[in-house]
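Summary of structural features
Residues per chain, in single letters:
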Amino acid sequence: MPSGRVSIFVTCIVDQLFPQVGLAMASVLERLGYRVDFPEAQTCCGQPAFNSGYRDEARAVALHFLKVFRDCEYIVVPSGSCTSMIAHHYAELFSEQAKPPALPVWEFSRFLTEVAGVEDVGARFDGVVTYHDSCHALRELHVKDGPRRLLAQVKGLTLREMDAAEECCGFGGTFSVKFPEVSGAMARTKIDSIQRTEAGTVVSIDSSCLMQLQGVISRAGLPIRTMHLAEVLASR
Amino acid sequence: MTSAPIKIKETIADPRLQQAIYTATGRLMSHRAQAIQPALMPEYQELRTRAHEIKRHTIENLDYYLELLESKVTAHGGKVIFCRDAAEVADFVLGLAKERGAKLIVKSKSMTTEEIGLNERVERHQLEAVETDLGEYILQLAHQRPYHIVAPALHMTRYEVADIFTEKLGVKNEVVIENQTKIARSVLREKFLAADIGITGANFLVADSGAVLVVENEGNARLSSSAPKIHIAIAGIEKLIPRAQDLPLFLKLLGRSATGQAMTVYTSFLSGPRRSDEIDGPDEFYVVLLDNGRTKLLANADKRESLYCIRCGACLNHCPVYRKIGGHSYPWIYSGPIGKIITPQFHGVMQDPWLPFASSLCGACAEVCPVKIDIPKLLLQLRSEVVEAKTRGGTAGEERRGFRLFAWLMQRPKLFQFAGRMAARFGPRPAGGKWISKVPGLFNIEPVRNWLSQRDLPPPAPKSFHQLWKERKK
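Counting restarts for each chain, with residues numbered from 1 along the sequence as it is written. Lettering of chains starts at A and numbering of ligands starts at 1, both following the order in which they are written. Confidence filtering applies because this is a predicted model: local features only for residues at pLDDT of at least 70, side-chain atom pairs given and counted only at 80 or more, and all residues used for totals across whole chains, interfaces and linings.

Regarding the overall build of chain B
Basically, it comes down to this: Per the convention used, a helix needs a DSSP run of H or I reaching at least four residues, while a strand needs a run of E reaching at least two, with both numbered from the N terminus. Here the C-beta atoms are placed from the backbone, and a residue counts as buried if at least 20 other C-beta atoms lie within 10 Å of its own, exposed if 12 or fewer do, and partly exposed otherwise. Residue pairs qualify as contacts under a 7 Å threshold applied to their C-beta atoms, which are placed from the backbone.
Within chain B, the secondary structure is distributed over 22 helices and 10 strands. Taken along its principal axes, the extent of the C-alpha atoms in chain B is 95 × 55 × 50 Å. Buried positions account for 45% of the 474 residues belonging to chain B. In chain B, of all internal contacts separated by at least 6 residues, the share reaching a separation of at least 24 is 72%.

Next up, the structure:
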């Protein structure tokens, strides 16, 4: 049985916009026997600045993150994108001499399948869902099967793959507001693919993708809802 | 913020064009996926790694291989011409044409000659240059630049081609693709027979063999390189590979990545003019090696892997942005993800500062690149160079202030919480947990306006995770 302490980094977007995702993640971890620690001084990983070309600003935020999360045994994050920022891109912000030590940072689904070693977390969710592969999780962290295996064990849930599962939702951080027409068109292509599955729910491990998709769904008044994987796994 | 071309909006707003791009790139994607499936090609990932390593070795030792190529080409009786830029290439071609009394040039598909606008340059001097690749021929008639590195007329339907042929060639309206090909062929056959000079590009320059390798499906490159008395191959210096024995590796990757073909219909290995005991081939054989800024890229260790590109076009086909904005929205003839990383390096980042930002950083390009160029990483690097250049030039403006504020706030957790809660209290909050469709004046800033132009915005949560966690612990 898993045991020990995990520190959660809920991300700025979950903290301010989707706090239920953070609570769901904490409750799944606790259900598995972990003690959940929430370092209160946490803010953001710095990715918005890094991806926009502001490396000095990103470095300042990264240093804050590194200070808050030093000495943690596990850092679990409900986002592939923020995890990849910390695990891969922090190294690009510092010179060889100033490189921070690698942090034990884990994307939530990967923590469950690889560290906790579980696939059935005892969840129940009645309905047909489709899974959206978020790009950074898929291509930078190689998370693909794990979330699907976790979903497959949820009682009452039917997973139906969409044809464009691996296609970007079009969010891309500031890309979404710098090139709104392109970003919007990409999201609508994705939504078309989701609709073809006739699933009532689209699930992802990144709240930013879901914000983009839900934004388009809401504007079009479509009968689809978006849920973070943690929310599905916390359902009983 | 960014002055991206109006073409982006026009392309997205054109359903016919959207359909054409999406269908054509989708077909290329599925052909590639079929061709590299593990059952057929279990070694695919290993081949990519090897190709990357060979390209790295070659680019790191480019001076050596350039000299080797030159000595081998010369030994075969050919000649190597080094050209610094477009004007030098044009001068060479024009000078040779004048000496030989040449009037007509046939050309097979070459992005390098597109890069230097060779046709326009020679036509100013009463030389006729005819494109003989079907797609390129159509574009030449229509006065358009290539839409795609591999499939230049990817955006055109057969009905548009019919109109172009009727207008330019005076033929009756013909919409059957096979018949359109026949029309082009009958025109082009005459050109091949009458041409004085044939110009091709090169997919690879094989250093140890002194050979130019050209792959194609229509046979026009083979005709261009063998029918006229003079063959000129024009290629960027990065097209080198060390040895003939490296070719199988690169050919396996190129055809499959580009069109899903295990092998293209024609693969021509061209080394030198016709020998005395041969029937076919040109009397004169020239290899023009073009710099045109490539040595500038070579000088930058962080970004020189951009030169590994073998121009397969897979990154374009798989790019969700290219598939929306199409090839003509990009500022240069190199479109798609590879265009986004090489254009700023050739032209300087400030010529089209929006370009590296026109990406969601999804990474599909890097995933399919046969030589494993880390395109997203280079885009991020170029973005930071744009920001640095704008900061130096004092044009970074509000965005710079915005990110300074962001970084300042994110180092002050209590203040960040306070700011978030103020936004939650005073920001718009539609009834019934609905998302925001419009915002009052105070919040109507550009990023919010742009977001709302396409989709709704979530309202800030009534209570942040920080607050809920505190309550939960009690």
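Regarding the overall build of chain A
For clarity, the cut-off: Radius of gyration here is computed from C-alpha atoms only, and the compact-globule reference equals 2.2 Å multiplied by the residue count raised to the power 0.38.
Looking only at helices and strands, one finds 12 helices and 8 strands in chain A. Its C-alpha atoms give chain A a radius of gyration of 17 Å, within 12% of the compact-globule value 18 Å for 236 residues. In terms of overall dimensions, chain A has a C-alpha envelope of 50 × 45 × 25 Å along the principal axes. When the 236 residues of chain A are sorted by exposure, 59% land in the buried category. The contacts of chain A with a sequence gap of at least 6 include a subset with a gap of at least 24, amounting to 77%.

With respect to the packing of helix α16 (residues 336-347) of chain B against helix α18 (residues 375-393) of chain B
Residue and element names in this part refer to chain B. Applied cut-off: For helices, the fitted line uses only the C-alpha atoms of the stretch in contact; every axis is such a line through C-alpha atoms, and the angle between N-to-C directions lies from 0 to 180 degrees. Should an angle lie under 35 degrees it is considered roughly parallel, over 145 roughly antiparallel, and from 65 to 115 roughly perpendicular; all remaining angles are considered oblique. If you view the pair so one helix is near and one far, a crossing is left-handed when the near helix is turned anticlockwise from the far one by less than a right angle, and right-handed when it is turned clockwise.
Between α16 and α18, the least distance of the axes is 10 Å, while the angle of their chain directions is 40°. Here α18 runs oblique to α16, going by the angle between their axes. Judged by the twist between their axes, the crossing of α16 over α18 is left-handed. Where α16 approaches α18, its residues P337, K340, I341 and P344 are matched on the opposing element by I375, L378, L379 and L382.

Examining the interface of chain A and chain B
Going by this rule: Each residue gets one of three labels, nonpolar for Ala, Val, Leu, Ile, Met, Phe, Trp, Tyr, Cys and Pro, charged for Asp, Glu, Lys and Arg, and polar for the others, Gly among them.
Chain A puts 52 residues into the contact, and the matching count from chain B is 50 residues. Secondary-structure elements contributing two or more residues to the side of chain A that touches chain B are α1 (12-16), α2 (19-31), α3 (47-51), α4 (55-68), α7 (135-140), α9 (175-178), α10 (180-197) and α11 (207-220) of chain A. Top contributing element to the side of chain A that touches chain B by residue count: α10 of chain A, with 8 residues. For the side of chain A that touches chain B, the per-class residue count stands at 27 nonpolar, 15 polar and 10 charged.

With respect to the sheet that holds strand β7 (residues 201-204) of chain A
All names here are of chain A. Heads up, the rule is: Paired strands are those between which DSSP finds at least two bridges.
Read across the open sheet, the 4 strands follow the order β6-β5-β7-β8; overall the sheet is parallel. Looking along the sheet, the strands with just one partner apiece sit at the ends: β6 (155-159) and β8 (225-228). With direction set aside, neighbouring strand axes in the sheet form an average angle of 40°. As defined by bridge partners, strand β5 (residues 124-131) adjoins β7 across 3 bridges and the pair is classed as parallel. Bridging across to β7, T130 finds its partner in V202.

Points about the domain arrangement of chain A
Residues and elements named next belong to chain A. Basically, it comes down to this: Each domain span listed reflects an automatic or database assignment of domains.
What the domain assignment lists for chain A is domain 1 (5-114) and domain 2 (119-234). Taking only C-alpha atoms, the centre of domain 1 and the centre of domain 2 are 21 Å apart. Contacts between the two partners involve 29 residues from domain 1 and, on the opposite side, 26 residues from domain 2. Among the secondary structure elements, those contributing two or more residues to the side of domain 1 that touches domain 2 are α1, α2, α3, α5 (80-93) and α6 (108-116). Looking at the side of domain 1 that touches domain 2 element by element, the count peaks at 7 residues for α2.

Quick word on helix α9 (residues 158-169) of chain B
Residues and elements named next belong to chain B. Under the convention used in this document: Expected helix span is given by 1.5 Å per residue-to-residue step, counting one fewer step than there are residues. This arc corresponds to the set of directions leading from the helix axis out to the C-beta atoms.
Between its terminal C-alpha atoms α9 stretches 15 Å, which fits the 16 Å expected from 12 residues at 1.5 Å a residue. Listed in full, the buried residues belonging to α9 are V161, A162, I164 and F165. Projected down its long axis, α9 shows its buried positions confined to an angular sector of 165°, all on one face. Facing away from the buried surface of α9 by more than 90 degrees, the exposed residues are Y159 and E167. Its buried side turned inward, α9 meets α8 (134-142) and α10 (177-194). Immediately downstream of α9, the backbone of G170 shows phi near 70°, a positive value.

A few points about α10 of chain B
Within an α-helix, residues lying three or four positions from one another point in the same direction, as the helix has 3.6 residues per turn. Taking 1.5 Å per residue, 18 residues should reach 26 Å; α10 of chain B reaches 26 Å between its end C-alpha atoms and fits that length. Those residues of α10 of chain B that are buried are in contact with β2 (104-107), β3 (128-131) and α8 of chain B.

With respect to the environment of T58 of chain B
Residue and element names in this part refer to chain B. By secondary structure assignment, the location of T58 is in helix α3 (residues 44-60). Between the C-alpha atom of T58 and that of K9, which follows or precedes it by 49 residues, the distance is 41 Å. When residues no more than four places from it in sequence are discounted, the contact partners of T58 are Y65, L240, I241 and P242.

Comments concerning the environment of V182 of chain A
Positionally, V182 of chain A belongs in helix α10. With residues near it in sequence (within four places) discarded, V182 of chain A still touches I8, I12, V321, K324 and I325 of chain B.

Things to note about the packing of helix α2 (residues 15-35) of chain B against helix α12 (residues 247-259) of chain B
Residues and elements named next belong to chain B. The N-to-C vectors of α2 and α12 enclose an angle of 140°; their axes lie 6 Å apart at closest approach. Taken together, the axes of α2 and α12 are oblique relative to one another. Packed against α2, whose contacting residues are L28, H31, R32 and A35, the element α12 presents R256, S257 and T259 at the interface. In terms of residue class, the contact of α2 with α12 is made up of 2 nonpolar, 3 polar and 2 charged.

Some words on the sheet that holds strand β7 (residues 230-236) of chain B
Residues and elements named next belong to chain B. As summarised here, the arrangement of the 6 strands in space is β1-β10-β7-β4-β2-β3, forming an open sheet in which the pairing is parallel. With one partner strand each, in any of the chains shown, β1 (79-83) and β3 form the two edges of the open sheet. Neighbour-to-neighbour, the strand axes of the sheet open up by a mean angle of 25°, direction not taken into account. Against the sheet, helix α4 (residues 62-75) makes contact with β1 and β10 (284-290), and its axis sits at roughly 145° relative to β1, the strand it touches most.

Considering the confidence of the model for chain B
In low-pLDDT regions, the fine details of the predicted coordinates are not to be read closely. To keep it simple, the criterion reads: pLDDT is a per-residue confidence score from the predictor, ranging from 0 to 100.
Chain-level statistics for chain B give a pLDDT mean of 96 and a share of 99% at 70 or above. Interface scoring of the predicted complex returns ipTM 0.97; its pTM is 0.96.

Overview of the environment of T112 of chain B
Residue and element names in this part refer to chain B. Within the secondary structure, T112 is located in helix α6 (residues 111-115). By C-beta crowding, T112 is classed as buried, having 21 other C-beta atoms within 10 Å. When the C-alpha atoms of T112 and Y334 are compared, they prove to be 9.8 Å apart, with 222 residues separating the residues in sequence. Not counting chain neighbours up to four residues away, the residues in contact with T112 comprise G201, I234, A235, G236 and L290.

Brief notes about unusual backbone geometry
Here the phi dihedral of E198 of chain A falls at roughly 60°; this positive angle occurs in a residue that is not glycine. In this structure E198 of chain A comes out as exposed when scored by C-beta crowding, with 10 C-beta atoms within 10 Å. With a phi close to 55°, H143 of chain B is a non-glycine residue in the positive phi region. Relative to the helices and strands, H143 of chain B resides in the loop between α8 and α9. Judged by local crowding, H143 of chain B falls into the exposed class, with 8 C-beta atoms found within 10 Å.

Let's talk about the pairing of β8 of chain A
Residues and elements named next belong to chain A. The following threshold applies: The handedness rule is simple: strands pointing away from the viewer, and a clockwise path from the first strand over the helix to the second, make the crossover right-handed.
As judged from the 4 bridges shared by β7 and β8, these two strands associate in the parallel manner. Each residue of the ladder has a partner; that of T201, found in β8, is R225. Following the backbone out of β7, through α11 and into the adjacent parallel β8, one traces a crossover that is right-handed.

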